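Here's the letter readout for the chains.
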Amino acid sequence: MPPFGLLHRRAWASLFGQLLRPSGLVCIGEVHFHSQVSEAVLISQLKPHQEKSNFVIKTPKGTRDLSPQQMVVREKILDMVIDCFKRHGAKRLDTPAFELKEMLTEKYGEDSGLIYDLKDQGGELLSLRYDLTVPFARYLAMNKVKRMKRYQVGKVWRRESPTIVQGRYREFCQCDFDIAGQFDPMIPDAECLKIMCEVLSGLQLGDFLIKIPWKDVRHEMVAKKGLAPEVADRIGDYVQRHGGVSLVEEMFQDSRLSQNKQALEGLGDLRLLFEYLTLFGIAEKISFDLSLARGLDYYTGVIYEAVLLQTPAQAEECLNVGSVAAGGRYDGLVGVFDPKGHTVPCVGLSIGVERIFAILEERMKTAGLKIRTTETQVFVATPQKNFLHERLKLISELWDAGIKAELLYKNNPKLLTQLHYCEHMGIPLVVIIGEQELKEGVIKLRSVASREEVAIKRENLVAEIQKKLSES
């Protein structure tokens, strides 16, 4: 039988006609076809693709494919972030990629116009999720969860003008960590800031600073603590200097503030937060900033965002990616979904995966780093013809032992071709089997880097490979 691609379309139709069963089902291997499919439909489907004069193959605006090399870098970022979340005791959660439209509207203020609405698919008006925070709040309210520490990684969609060079897309990945529940003041907030510092330090992005906007702090003091606006503005005079723990202590020394009971209460939470941040060893990374804009509408308390500190020597800073992480407190969002308006205080953070990826990708291009796209540990090779069966038996033994192994999909590959493949792919070890090895009951184990070979008894091969891998 000629290759499938060479079969004439009428030959295909004839073949299908011969294979039709009375039951109405055609079975070729594990592929099933229904006999109701007419010959005309089959023929039309098998027609060669007709060229379209104006057809351009591309991804939609604001989206992109990720190559195997890019996925290696992305997975390393995500693994490091998720490890940090787990280290702090978070459980993983997932929510649908789309929500009922009414769940998302009026949660994002002016940004609500950036939500992607879906065409009505059967009575429900749906929208793609804009972030992971609102779906989390919906989950808490729907399941009557009063306390939870969770993390979530997933794609979100925003219909904004993309700036690819800055890591801004219409489809992008978010990594969120949130603490829901009623707890003593500032402890969860301090842990979120600690997590942000751990992630950014672990990714080795360079020096960074986490900024806290003064206008949100001022709102907290005036609206919730009852502080007179003029007293809050007096505090604001200090904040314009940009500072952290030393600034808070300086404000306590001001007689005009220290004699005001409400001012002391307002400053108390700030002092408590910076006390915890000092114990966590990150107080010097936190600063007030009058220039920081307020975030999404659901934030009810202090918000913060992390920015990389630019230095002239860092070429990648030309990317101007903006903040690489952000978060804050949103105590009222769960109550919006709860039928009785019961609230669950929440605080959380989001890691800017796309922006971090853009920075690291640019650094690797500059450094000319080569990235391994597979984790193959051993390659199964032979110098002789007609040894495919022996290679298949050998590689099956390695797979069964949990060893990551590959071979070339050819009956009689040249040994040099196989060895070149290992060097190109960065595979560290090669096992070689031939007639002589088969007779002597041994396998040659070759180091790709040093090109040294040793003969290993077949029954000891797996143990020897595992030993070599543990040493590397």
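Scoring rules and cut-offs
Residues numbered from 1 in each chain as written. Predicted model: local features only at pLDDT ≥ 70, side-chain atom pairs only at ≥ 80, totals over all residues. Heavy atoms only, no water. Helix = DSSP H or I, 4+ residues; strand = E, 2+ residues; numbered from the N terminus. Buried < 20%, exposed > 50% of the residue type's maximum accessible area, 1.4 Å probe, protein only. Contact = heavy atoms within 4.5 Å. Pairing = 2+ DSSP bridges. Core = buried A, V, L, I, M, F, W, Y, C linked by side-chain atoms within 4.5 Å. UniProt positions renumbered as here; feature names shortened; annotations may be inferred. Polar contact = N/O pair within 3.5 Å; in protein donor to acceptor, adjacent residues only side chain to side chain. 1 Å grid on protein atoms, 1.4 Å probe; cavity = no way out; pocket = protein on both sides within 12 Å on 5 of 7 lines; lining within 4 Å. Points joined across faces, edges and corners; volume = space filled by probe spheres on them. Axes fitted to C-alpha atoms, helices over the stretch in contact; angles between N-to-C directions. Salt bridge = Lys/Arg side-chain N within 4 Å of Asp/Glu carboxyl O. Phe/Tyr/Trp six-rings, centres within 6.5 Å; stacked < 30°, edge-to-face > 60°. Lys NZ or Arg CZ within 6 Å of the ring centre and 35° of its normal. Arc of directions from axis to C-beta. pLDDT = per-residue confidence, 0-100.

Digging into the overall build of the protein chain
(1) Moving on: Check the secondary structure of the protein chain and you find 17 helices and 17 strands.
(2) Moving on: For the protein chain, buried positions account for 44% of its 472 residues.
(3) Moving on: A fraction of 67% describes how many contacts in the protein chain between residues 6 or more apart in sequence connect residues 24 or more apart.

Re the pairing of strand β15 (residues 429–432)
(1) Moving on: Where burial is concerned, the two faces of β15 agree: the one with L429 and V431 and the one with V430 and I432 are both buried.
(2) Moving on: Two elements, strand β13 (residues 378–381) and β15, share four bridges in a ladder whose sense is parallel. Following the sheet pairing, V380 is matched in β15 by V431.
(3) Moving on: The pairing of β15 with strand β16 (residues 442–447) spans four bridges and is antiparallel. Considered in β16, the bridge of V430 is made with R446.

Re the nonpolar core
(1) Moving on: Judged by nonpolar contacts, the single largest core of 66 residues is most densely connected at F85, I210, L277, I351 and I356.
(2) Moving on: The residues contacting I351, other than those within four sequence positions of it, are V81, F85, C175, V199, V324, A325 and I356.
(3) Moving on: Core analysis: the next-biggest nonpolar cluster, separate from the first, contains 23 residues, Y108, I115, M148 and C346 among them.

Considering the UniProt feature "binding site: L-histidine" (unreviewed entry) in the protein chain
(1) Moving on: Here, the residues flagged by UniProt with the feature "binding site: L-histidine" (unreviewed entry) are D131, L132, T133, R158, Q174, D178, R294, Y298 and Y299.
(2) Moving on: The topology assignment puts Q174 in strand β7 (residues 171–180).
(3) Moving on: Dropping the residues within four chain positions of it, Q174 is found in contact with D131, L132, Q152, V153, G154, V156, R158 and S350.
(4) Moving on: A polar contact of 3.3 Å, which involves the side chain of Q174, links it to the backbone nitrogen of L132.
(5) Moving on: Note that Y299 resides in the loop between β9 (286–289) and β10 (303–308).
(6) Moving on: Residue Y299 is classed as buried on the basis of its relative accessible area, which comes to 14%.

Focus: the layout of surface pockets
(1) Moving on: Reported here for the second largest pocket is a volume of approximately 530 Å³.
(2) Moving on: Together, 27 residues line the second largest pocket, and M186, D189, E220, D269 and R329 are the ones closest to its centre.

What to know about the sheet that holds β13
(1) Moving on: The five strands are arranged β14-β13-β15-β16-β17 in an open sheet whose pairing can be described as mixed. Looking at the sheet topology across the chains shown, the edges are occupied by β14 (405–406) and β17 (453–457).
(2) Moving on: Of the strands in this sheet, β13, β15, β16 and β17 touch helix α17 (residues 461–471), which is tilted by about 165 degrees from β15.

Observations regarding the pairing of β7
(1) Moving on: Most of β7 is tucked away, with nine of its ten residues classed as buried.
(2) Moving on: In terms of strand pairing, strand β6 (residues 148–157) meets β7 through ten bridges, oriented antiparallel. Of the residues in β7, the one forming a bridge with W157 is E171.
(3) Moving on: Sheet topology places β7 next to strand β12 (residues 346–351); six bridges connect them, and they run antiparallel. Residue pairing across strands places F177 opposite L349, the latter belonging to β12.

What to know about the pattern of salt bridges
(1) Moving on: Counting across every chain of the model gives 19 salt bridges.
(2) Moving on: Among the salt bridges present, the one from E171 reaches K155, with a minimum N-O distance of 3.4 Å. One end of the pair, E171, is in strand β7; the other, K155, is in strand β6, and 16 residues separate them in sequence.
(3) Moving on: For E171, a relative accessible area of 24% puts it in the partly exposed group.
(4) Moving on: The class of K155 is partly exposed, set by a relative accessible area of 42%.
(5) Moving on: The closest approach of N and O atoms between D207 and K285, which form a salt bridge, is 2.6 Å. Of this pair, D207 sits in the loop between α6 (187–202) and β8 (208–213) while K285 sits in the loop between α11 (261–279) and β9; the two residues are 78 residues apart in sequence, bridging distant segments of the chain.
(6) Moving on: Each of R64, R74, E354 and E361 takes part in salt bridges that share partners, so that together they form one network.

Description of the packing of aromatic side chains
Aromatic ring pairs: the centre-centre distance and the angle between the two ring planes describe each pair.
(1) Moving on: Applying the stated criterion across every chain, the model contains eight aromatic pairs.
(2) Moving on: With a centroid separation of 4.3 Å and 45 degrees between ring planes, the pair formed by Y108 and Y130 is classed as tilted. Of this pair, Y108 sits in the loop between α4 (101–104) and β5 (126–128) while Y130 sits in the loop between β5 and α5 (133–142), and the two are 22 residues apart along the sequence.
(3) Moving on: Taken together, the ring pairs connect Y108, Y130, Y298, Y299 and Y330 into an aromatic cluster.
(4) Moving on: Over the ring of Y130 we find R158; its NZ or CZ atom is 4.0 Å from the centre of that ring.
(5) Moving on: Its guanidinium or amino end placed over the ring of F208, K285 lies 4.4 Å from that ring's centre, counting from NZ or CZ.

Comments concerning helix α9 (residues 245–253)
(1) Moving on: Taken together, the buried positions of α9 are occupied by L247, V248, M251 and F252. Summarising the axial view, the buried residues of α9 lie within an arc of 145 degrees, below the 170-degree limit, and thus occupy one face. Projecting away from the buried face of α9 at angles above 90 degrees are the exposed residues S246 and Q253.

Some points on the confidence of the model for the protein chain
(1) Moving on: Per-residue confidence for the protein chain gives a mean pLDDT of 84, with 82% of residues at or over 70.
(2) Moving on: This model gives residues 1–37 a pLDDT under 50, and the stretch forms 33 contacts once residues within four places in sequence are excluded.

Focus on the environment of L416
(1) Moving on: Considering the arrangement of structural elements, one finds L416 in helix α15 (residues 415–425).
(2) Moving on: Between the alpha carbons of L416 and A381 there is a distance of 9.8 Å; along the sequence they are 35 residues apart.

Examining the side chain of S127
(1) Moving on: Its place among the elements puts S127 in strand β5.
(2) Moving on: A distance of 2.7 Å separates the side chain of S127 from the side chain of D117, its partner in a polar contact.
(3) Moving on: When neighbours within four sequence positions are excluded, S127 is seen to be in contact with A97, F98, E99, K101, L104, I115, Y116, D117 and L118.

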